[in-house]
Every structure is written in structure tokens, then in C-alpha cells.
Amino acid sequence: MSDLTVKNLGVRYDDKVIFDGFDIVFKEDKISVVLGGSGVGKTTLLNAIAGLKDYTGDVDLGGDGISYIFQKDRLIPTISVYKNLDLILRSQIKDKKERREKIENMLSLLEIEDIQNKLPTEISGGQAQRVAMARAYLYESKVLLLDEPFKALDTALKQRLLKALIDLNEKSPRTIVFVTHAIDECLLSADEYFVLGKKEESGAVEAVESGRIESDKKNRTLADSDLALVREKLLKALL
């Protein structure tokens, strides 16, 4: 096991260069937050890492398997929450009792055990994103990619889900690459952060700012004085 390493990444859409010789390293079992303006290439980076977008260069995941949490939960609407999760485990665990135990433990951790028999259409957006998180962590993977999964949620719910993500990653560590527009989400959850921008001469993506946040994620609040400098750096880089 090791860090997730991207070397000499090249991505094009027709004649438009998105990435050209791009390098970045995401630390093993840490939460790396990627910020940047709309259309800069954040989702393209995730899709290249996931193998969903053709690219040149090298992507070393540092281990086996990728889970991906999208902006939309992508649950199957015609089967229950429990069956959505069971579907993920069937190829890995043949014993039904063992699958049930894993699913029920995960639902309990995310405080959604009471909705396991409901259809995805019968639950709230916040509950659906918790189910998506449960699905991602039930699937055996080394890397977890998040593409603005909390974008449509209110501030209080976002903070609760970020805490749930932090708790889950402490219990079952993954190398997380978390794309967001929201500085507050970064401040609350990041071990390290990267701000993407575009080179003036070529328009290709580069990292214009990066850094680490050392304080304990489990006890952070947005009022913490040590986050003020980080917020200032991020605002400057994004503007």
C-alpha cells in the first residue's frame, strides 16, 4: 500500500487541452480536498483516476479498488436501501448472514438503520447521501473519490455528513480525493488541500496552491482561529 500518485497526466477533449504533464500525490489514508473554479478540471481529474476518462501518463492507486461517490446518489430506485447495499456485497461475500451483519453495522454507524427497508424515493437527500457513503465503504477499495456529494444539502446537514465521513475513514481508512467548491467543507475535513487553476499560456491545469491542515479533524469547528489563515490562502488562490 502507498500514496495515490498521478504522474505526467495528459487529458484532452477534442482539441482542448485539460491536463498536460500534470503531477500530484494524494497521501495514503488521508482526506485530500481539491478545489477550483467551475470547469477547471476537478471532475476530469477524478474520472481519469477512476479510469472513466482516457488519459496519458501514469496513475498509481497505491492499492486495489476504487469507490466513487457522485453528486447524485445513483441508488437503484426500485429496490430497498438494504438491497442496494446487499447488491454491492454479493460478489465479495457469499454468506447472507455475514453480508447482513456488515450492512447493519454500517447503517448503524451512519445512523440510518431505520430506513433500510424503504425505497430510495421514500428518503431525504441527506439520507440518500448517507446510503451512498455506506455503499462506498462496504465496497472493498483502497481509494474513495467524492465529486461534490454534499453540494445540494444545507449547512448543518453537510457538517454532520462530513463528521460521518471522518469517523468512517478513521474506522476503515481509505485514500480519499474529495472535490468541492466549498471552502468550509475543505476546512472541516481536509488533511491536505490543493487548489487547481489554469496556466495562462496553455490553459492546462496546474495546482496553484496546496497545504496541510494539522488540527484534529474530529474536533474542528469553523470558528477555530488556526483555520483563518488557511481560509485566507484558499480565498486568494480561488480569486
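Notes on the structure in this doc start here. (Residues numbered from 1 in each chain as written. Predicted model: local features only at pLDDT ≥ 70, side-chain atom pairs only at ≥ 80, totals over all residues. Heavy atoms only, no water.)

### Digging into the overall build of the protein
Okay, step 1: Each helix and strand counted, the protein has seven helices and nine strands in total.
Okay, step 2: Since a compact globule built from 239 residues should have a radius of gyration of about 18 Å, the 18 Å found for the protein is in line with a globular shape.
Okay, step 3: Considering only C-alpha atoms, the protein reaches an extent of 55 × 40 × 35 Å along its principal axes.
Okay, step 4: Within the protein, the proportion of its 239 residues that are buried is 48%.
Okay, step 5: The contacts of the protein with a sequence gap of at least 6 include a subset with a gap of at least 24, amounting to 71%.
Okay, step 6: If you sum the accessible surface of the protein, you get close to 12000 Å²; carbon and sulfur atoms cover 46% of it.
Okay, step 7: Taken as two groups, the 36 positive and 40 negative side-chain charges of the protein have centres that lie 4 Å from each other. (Helix = DSSP H or I, 4+ residues; strand = E, 2+ residues; numbered from the N terminus. Rg over C-alpha atoms; globule rule 2.2 N^0.38 Å. Buried < 20%, exposed > 50% of the residue type's maximum accessible area, 1.4 Å probe, protein only. Contact = heavy atoms within 4.5 Å. Areas by Shrake-Rupley, 256 points an atom, 1.4 Å probe, with all protein chains shown as cover. Lys, Arg positive; Asp, Glu negative; His and termini not counted. Charge placed at Lys NZ, Arg CZ, Asp CG, Glu CD.)

### What to know about the environment of Asp-20
Okay, step 1: The topology assignment puts Asp-20 in strand β2 (residues 16-26).
Okay, step 2: Measuring from C-alpha to C-alpha, the distance between Asp-20 and Asn-8 comes to 7.0 Å, with twelve residues separating the pair along the chain.
Okay, step 3: The residues contacting Asp-20, other than those within four sequence positions of it, are Leu-9, Gly-10, Lys-199 and Ala-204.

### So, the sheet that holds strand β4 (residues 56-60)
Okay, step 1: Read across the sheet, three strands follow the order β2-β1-β4 without closing on themselves; strand pairing throughout is antiparallel. Looking along the sheet, the strands with just one partner apiece sit at the ends: β2 and β4. Adjacent strand axes in the sheet meet at a mean angle of 20 degrees when their direction is disregarded.
Okay, step 2: Where strand β1 (residues 4-13) meets β4, four bridges bridge the pair, whose relative direction is antiparallel. Residue pairing for β4: Gly-10 is matched across the bridge by Thr-56.
Okay, step 3: Docked against the sheet, helix α1 (residues 42-50) engages β1, β2 and β4, running at close to 115 degrees with respect to β1. (Pairing = 2+ DSSP bridges. Axes fitted to C-alpha atoms, helices over the stretch in contact; angles between N-to-C directions.)

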